[in-house]
Amino acid sequence: MLQAALYLNGNIVTGITHGDAFSQLPEKDKTDSNIISGHFDKTTGEFLTEKENFYTKQIIFIRHGSTSNYENLSEKGIDEIERMALYLRNKINLIGYKGIVSPAPRCLETADIIAYYTRLMFEIIPEVEQIEELEETTNKKLKNVINKLPEKSLMISHSPIIKKLTQFAIGGFFNKPIPTGSITIVNKKQTICSGFKY
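Residues numbered from 1 in each chain as written. Predicted model: local features only at pLDDT ≥ 70, side-chain atom pairs only at ≥ 80, totals over all residues. Heavy atoms only, no water.

(A) A look at the sheet that holds strand S4 (residues 46–48). Strand order in the open sheet formed by 5 strands is S2-S1-S3-S4-S5, and the pairing between neighbours is antiparallel. Both outer strands of the open sheet, strand S2 (11–15) and strand S5 (53–55), are each paired with one neighbouring strand and no more. The mean angle between the axes of side-by-side strands here comes to 35°, regardless of whether they run parallel or antiparallel. (Pairing = 2+ DSSP bridges. Helix = DSSP H or I, 4+ residues; strand = E, 2+ residues; numbered from the N terminus. Axes fitted to C-alpha atoms, helices over the stretch in contact; angles between N-to-C directions.)

(B) Structural view of the side chain of Asp-41. Here Asp-41 is to be found in strand S3 (residues 36–41). You can call Asp-41 buried: its relative accessible area is 16%. Excluding anything up to four places from it in sequence, Asp-41 contacts Met-1, Leu-2 and Glu-46. (Buried < 20%, exposed > 50% of the residue type's maximum accessible area, 1.4 Å probe, protein only. Contact = heavy atoms within 4.5 Å.)

(C) Geometry of the side chain of Ser-66. Mapped onto the elements, Ser-66 comes out in the loop between strand S6 (58–63) and helix H2 (75–91). Other than its neighbours up to four places away in sequence, Ser-66 contacts Asn-72, Leu-73, Ser-74, Lys-76, Gly-77, Glu-80 and Thr-180.

(D) Quick look at the packing of aromatic side chains. One pass over the full model with this rule turns up 4 aromatic pairs. An angle of 55° between the planes, with centres 5.9 Å apart, marks the rings of Tyr-7 and Phe-47 as tilted. Here Phe-47 lies in strand S4 and Tyr-7 lies in strand S1 (residues 2–8), a separation of 40 residues in the sequence. Of the two residues, Tyr-7 and Phe-47, both sit in the buried class. Taken together, a centroid distance of 5.2 Å and an interplanar angle of 90° make the contact between Tyr-116 and Tyr-117 edge-to-face. Through a chain of ring-to-ring contacts, the aromatic side chains of Tyr-7, Phe-47 and Phe-54 assemble into a single cluster. (Phe/Tyr/Trp six-rings, centres within 6.5 Å; stacked < 30°, edge-to-face > 60°.)

(E) Region of interest: the pattern of salt bridges. The tally for this structure, following the rule as stated, stands at 4 salt bridges. Among the ionic pairs, Lys-30 bridges to Glu-27, the shortest N-O distance being 3.0 Å. Judged by its relative accessible area of 22%, Lys-30 is partly exposed. (Salt bridge = Lys/Arg side-chain N within 4 Å of Asp/Glu carboxyl O.)

(F) Fine view of the nonpolar core. Core analysis: the biggest nonpolar cluster contains 23 residues, and Ile-60, Ile-62, Leu-88, Phe-122, Leu-154 and Ile-156 have the highest contact counts within it. Those elements giving two or more residues to this core turn out to be S6, H2, helix H3 (105–118), strand S9 (152–157) and strand S10 (182–187). For this core, the element with the highest residue contribution is H3, accounting for 5 residues. With sequence-adjacent residues up to four places away left out, Phe-122 is seen in contact with Gly-99, Ile-100, Val-101, Ala-111, Ile-114, Ala-115, Leu-154 and Ile-156. In terms of nonpolar packing, the next biggest core, distinct from the first, is built from 19 residues, Ile-100, Ile-125, Phe-168 and Ile-170 among them. (Core = buried A, V, L, I, M, F, W, Y, C linked by side-chain atoms within 4.5 Å.)

(G) Seen up close, the packing of helix H5 (residues 139–148) against helix H6 (residues 159–170). At a minimum axis separation of 10 Å, H5 and H6 run at an interaxial angle of 80°. The angle between H5 and H6 places the two elements in the roughly perpendicular class. Residue-level inspection shows Asn-139, Leu-142, Lys-143, Val-145 and Ile-146 of H5 in contact with H6, the latter providing Lys-164, Leu-165, Phe-168 and Ala-169. (Parallel < 35°, antiparallel > 145°, perpendicular 65-115°, else oblique.)

(H) Broad picture of the pairing of S2. In this structure, S1 lies alongside S2, joined through 5 bridges in antiparallel fashion. The residue bridging Leu-6 from the neighbouring strand is Val-13, located in S2.

(I) Structural view of the packing of H2 against H3. Running from N to C, H2 and H3 point in directions that differ by 35°, and their axes come no closer than 9 Å. Between H2 and H3 the crossing geometry is right-handed. In contact with Ile-78, Ile-81, Glu-82, Ala-85, Leu-86, Leu-88 and Arg-89 of H2, H3 contributes Thr-110, Ile-113, Ile-114, Tyr-117 and Thr-118. Grouping the constituent residues of the contact of H2 with H3 by class yields 8 nonpolar, 2 polar and 2 charged. (Left-handed = near helix turned anticlockwise from the far one by under 90°. Nonpolar A, V, L, I, M, F, W, Y, C, P; charged D, E, K, R; others polar.)

(J) Structural detail: the confidence of the model for the protein chain. Of the residues in the protein chain, 88% reach a pLDDT of 70 or more, and the chain-wide mean stands at 86. No element of the protein chain has a lower mean pLDDT than helix H4 (residues 126–133), at 61, and none a higher one than H3, at 96. (pLDDT = per-residue confidence, 0-100.)

Structure below.
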């Protein structure tokens, strides 16, 4: 169900009308020229405007580690992911996050390593399998995957999928390199870091 909403600096204020939402803003924010007016779908976390749509979810994307045979992680890949897992355990609060993983063996191995260090459990969702099987993924299929993700997700996948989902989630252009064993964090309308390795 859509609600009248305003977006400002990572925060969403909803109301019965846009005027109602505006009245709930702190006085200092009411003159900010960066207020975005639109509608918020609480069920999917999507914020819709006339010009753009974006999601208010917090998503951590991790690209699988380097491979030796395109299927399984190499020693380098295992090392990349162990360093990533230690970073996640020590620097990122994963409480409330749900783990999502591609069914590809290199992604499943990556998930096993991260689960060992962080205790985060992972599951495969069919929608991820479907978008990976298609060379050209439609916006409808991408939207279906984003809609299925919980408010806080850690997703292990492949570079093209991470790029497409990041672009869709932020409602804007995204084409930065995503090296193996790297992290891309999307927090509401912003990309906090992309393709960063530890």
